[in-house]
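# Results of the structural survey
As a plain string of letters, each chain reads:
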Amino acid sequence: MTENTNKSALLGRRDVLRAAAAGALAIAGSGLFSRHVLATPETAARALSKLTGGGTAQEGKVFLKLPEIADDGNTVPVTISIDSPMTEANYVKAVHVVAEGNPRPGVVTFNLSPSVGKAVISTRMRLHKTQNVVAAAVMSDGSVYFTKKMVKVTIGGCGG
Amino acid sequence: MAITKPRMKVPETAKKGEVIQIKTLIFHDMETGIRKDKKTGKLIPRMIINKFVCSFNGKEVFSANMHRAIAANPYFAFHARVTESGTFDFTWTDDKGETVKASRQIAVT
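Not measured: the values here are computed from a predicted model. In every chain, residue numbers begin from 1 and rise along the written sequence. Labels are handed out in written order, letters beginning with A for the chains and numbers beginning with 1 for the ligands. Totals for whole chains, interfaces and linings use all residues, but because this is a predicted model, local features are given only for residues with pLDDT of at least 70 and pairs of side-chain atoms are given and counted only at 80 or more.

### What about the interface of chain A and chain B?
Put simply, the rule is: Note that contacts rest on C-beta atoms placed from the backbone: two residues are in contact if these are within 7 Å. Here a strand is any run of E in DSSP of at least two residues, a helix any run of H or I of at least four, and the numbering for each starts at the N terminus. Strands were regarded as paired on the criterion that DSSP finds at least two bridges between them.
With 29 residues of chain A at the interface, the matching set in chain B holds 25 residues. Taken together, the elements giving at least two residues each to the side of chain A that touches chain B come down to β6 (106–112) and β7 (120–125) of chain A. In terms of residue count, the dominant contributor to the side of chain A that touches chain B is β6(A) (seven residues). When β6(A) meets strand β5 (residues 59–66) of chain B, the two strands line up antiparallel, connected through five bridges. Along β5(B), the bridge assignment pairs A:Asn111 with B:Ser63.

### Examining the confidence of the model for chain A
Any residue range with low pLDDT should be treated as having predicted coordinates unsuitable for detailed reading. Residue and element names in this part refer to chain A. What counts is decided by this rule: The score called pLDDT rates the predictor's confidence residue by residue, from a low of 0 to a high of 100.
The pLDDT averaged across chain A works out to 79; a share of 73% of its residues lies at or above 70. Note that residues 1–11 has pLDDT below 50 and, in this model, zero contacts with residues that lie over four places away or in other chains. Taken together, the stretch residues 23–35 has pLDDT below 50 and engages in zero contacts with residues farther than four places along the chain or on a different chain.

### So, the sheet that holds strand β6 (residues 75–82) of chain B
Put simply, the rule is: To get an axis, a line is fitted to the C-alpha atoms, and for a helix only the part in contact is used. The angle between two axes follows their N-to-C directions and goes from 0 to 180 degrees.
An order of β2(A)-β4(A)-β7(A)-β6(B)-β3(B)-β1(B) is seen for the six strands of this open sheet, with the pairing classed as antiparallel. Either end of the sheet is taken by a strand with one partner, and the two such strands are β2 (62–65) of chain A together with β1 (7–9) of chain B. Across the sheet, the mean angle separating the axes of adjacent strands is 20° when strand polarity is ignored. Pairing geometry for strand β3 (residues 18–25) of chain B and β6(B), over eight bridges, is antiparallel. Counterpart to B:Leu25 in the pairing with β6(B) is B:Tyr75.

### Digging into the pairing of β6(B)
Along any regular strand, the residues point their side chains to alternate faces of the sheet. Bridge count between β7(A) and β6(B): two bridges; the pairing is antiparallel. Directly across from A:Ser122, in β6(B), lies its bridge partner B:Ala77.

### Quick notes on the confidence of the model for chain B
Scored by pLDDT, chain B has a mean of 91; 97% of the residues are at 70 or more. If you check the scores for this complex, the pTM reads 0.80 and the ipTM reads 0.91.

### Some points on the pairing of β6(A)
All names here are of chain A. Here is the rule: With C-beta atoms placed from the backbone, a residue counts as buried when 20 or more other C-beta atoms lie within 10 Å of its own, as exposed when 12 or fewer do, and as partly exposed for counts between those limits.
Among the seven residues that make up β6, five are buried, leaving the element largely enclosed by the rest of the structure. Here strand β5 (residues 92–99) runs beside β6; their pairing, made up of five bridges, is antiparallel. Bridge assignment links Val95 to a residue of β6, and that residue is Phe110. Between β5 and β6, which pair antiparallel one after the other, the connecting turn spans six residues.

### Points about the nonpolar core
Residues and elements named next belong to chain A. Filter applied, for reference: Core membership is restricted to buried Ala, Val, Leu, Ile, Met, Phe, Trp, Tyr and Cys residues, and these are joined into a nonpolar core through C-beta atoms within 7 Å.
Counting residues in each nonpolar core, the largest one holds 62 residues, and the members touching the most others are Val95, Ala135 and Ala136. The element that contributes the greatest number of residues to this core is strand β8 (residues 131–139), accounting for six residues. The residues touching Val95, leaving out its near neighbours within four places in the chain, are Ile80, Ile82, Phe110, Leu112, Ile121, Ala135 and Ala137.

### Focus: helix α2 (residues 41–51) of chain A
All names here are of chain A. Just so we agree on the cut-off: Note: the arc covers the axis-to-C-beta directions of the helix.
If you check which residues of α2 are buried, you get Ala44, Ala47 and Leu48. Projected down its long axis, α2 carries its buried residues within an arc of 100°, all on one side. The exposed set on the far side of α2, more than 90 degrees from its buried face, consists of Glu42 and Lys50. Buried residues belonging to α2 abut β5, β6 and β8.

### Some points on the environment of A:Leu127
Residues and elements named next belong to chain A. Positionally, Leu127 belongs in the loop between β7 and β8. With 30 residues separating them in the primary sequence, Leu127 and Gly157 have C-alpha atoms 5.4 Å apart. Setting aside its immediate chain neighbours within four residues, Leu127 contacts Ala70, Gly73, Val76, Ala99, Asn102, Val151, Val153 and Gly157.

Dropping the structure here:
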């Protein structure tokens, strides 16, 4: 009986050791992952302002079509449309898409010319978790317009 | 993974001044560089197509700079206004600098 209790005490200690080891691993793990700290709305905003040349962005003119709930974060369809006549005098120069909660905020930059004719672009993107997707358009006169939309992601699409 | 043959959808004919839709798809893993090999625990190096360019008769119409968050097998749908017959040239470039080129003719009346 005493032997038994001893054993269980020993096991208990092992469990504690194991838990400690797991904890240490977890810390080491988090250190490893520090390279992949998720983007935050702030870093995303910074990345976006860098892309758009630091100008003040106004909300509007840009529309994002995204699923409300994305079952698979690996391929999330997105359509960006911008209210612009797309003439030589007034067109969309560039469109930037940024994901606020991905390991890296940048998604894609489109460079447009007046001969695009219609500023409607579709693609497919990866989303790591439920987050806001931001699209910003730089017009030919230098003004910047943006919009953001929340997407719920069931299974993240950025791998381990 | 090398880039494979792309797919493109461009109308064969159009009226002068018409805005047409172009769709492109290319098969590529688009390895993000932040995914780990489950066996070795090591990071799989980044390998994505980072640039796509569409030009018409030698003049750039539309291009995309891709980052890691573009899904595997990059797909784009966009528009172009055509005023003359000619050729659309498409180029995809990956992280190694490898390129794939393809083109489509359009007759404008």
